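# A closer look at the structure
The primary structure of each chain is shown beneath.
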Amino acid sequence: MKKFTSSLLILVLFVAFTVGFCPNASAEQSQLDKIITFAKSKIGSTEYVGLCQAFVYQCYKAGGIDNGSAPSAIDAWRKWGVSTSKTDIPIGACVYFDENVGSSYGHVGIYIGDNKMIHSRASVGKVVESSMTWYFNNCYLGWGWQGGVHPSGSISTITPANDIYL
């Protein structure tokens with residue numbers, strides 16, 4: 001019994017030391033996780049109404065990427081656009097649109113997969129998660145990376161929000 005108690009004590013101390021003092025890399029969120037988590041935390045917020053590019057910039061900044069911003073979504077597209085493809089858009093990429101063709105502002109959101117994005121939507125007055133179908137059919141420009149920087153890591157899980165607007 002004494003040998004069992006000693007062995008158990010050693011095992012408990014080993015586990016406590018390992019969990020308590022050794023860094024756990026899997027517990028660290030990737031830049032992509034941080035970007036998406038921040039974006040999702042702002043769903044319903046009115047803080048970025050009419051400031052879609054500022055919203056995307058803040059999401060990337062929350063992910064540890066602060067490589068400059070742009071005065072508008074159109075300017076960001078011109079600086080950091082990567083592809084005009086509508087297929088295989090990477091999760092976390094910025095998706096750019098020209099809703100009012102010829103406008104100097106444009107629109108931008110963050111792609112979260114499954115044909116959806118999170119963006120600050122002025123017409124509904126808050127940050128929302130939306131299907132991109134209408135945007136693809138009417139005003140899609142392409143995708144790129146805020147500040148020209150591809151976020152590191154991968155997405156652990158993405159749970160759709162309850163508020164979905166077109």
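From a predicted model like this one, the values you see are computed outputs, not experimental measurements.

### Structural notes on the nonpolar core
Among the nonpolar cores identified, the biggest contains 37 residues, and Phe55, Tyr60, Ile89, Val95, Phe97 and Met132 are the most heavily contacted of them. Put simply, the parts of the chain that give this core at least two residues each are helix H2 (31-41), helix H3 (52-62), helix H4 (73-80), strand E2 (94-97), strand E3 (107-113), strand E4 (116-121), helix H5 (133-138) and strand E6 (140-144). Ranked by residue count, the leading element in this core is H3, at five residues. Beyond its immediate stretch of four places on either side in the chain, Met132 contacts Ile89, Val95, Phe97, Tyr111, Asn115, Lys116 and Met117.

### Looking at the packing of aromatic side chains
Evaluation of the coordinates by the stated rule reveals seven aromatic pairs. An angle of 85° between the planes, with centres 5.2 Å apart, marks the rings of Trp134 and Tyr135 as edge-to-face. Here the aromatic cluster, defined as three or more aromatic residues joined through ring pairs, consists of Phe97, Trp134, Tyr135, Phe136 and Tyr140.

### Re the pairing of E6
A regular strand places its side chains on the two faces of the sheet in alternate fashion. With four of five residues buried, E6 lies mostly within the body of the structure. Of the pairings in the sheet, the one linking strand E1 (residues 81-83) to E6 comprises two bridges and is antiparallel in character. When the sheet's bridge partners are listed, Gly81 is paired in E6 with Gly144.

Scoring rules and cut-offs
- Residues numbered from 1 in each chain as written.
- Predicted model: local features only at pLDDT ≥ 70, side-chain atom pairs only at ≥ 80, totals over all residues.
- Heavy atoms only, no water.
- Core = buried A, V, L, I, M, F, W, Y, C linked by side-chain atoms within 4.5 Å.
- Buried < 20%, exposed > 50% of the residue type's maximum accessible area, 1.4 Å probe, protein only.
- Helix = DSSP H or I, 4+ residues; strand = E, 2+ residues; numbered from the N terminus.
- Contact = heavy atoms within 4.5 Å.
- Phe/Tyr/Trp six-rings, centres within 6.5 Å; stacked < 30°, edge-to-face > 60°.
- Pairing = 2+ DSSP bridges.

Any link to function would need more than the numbers given here.
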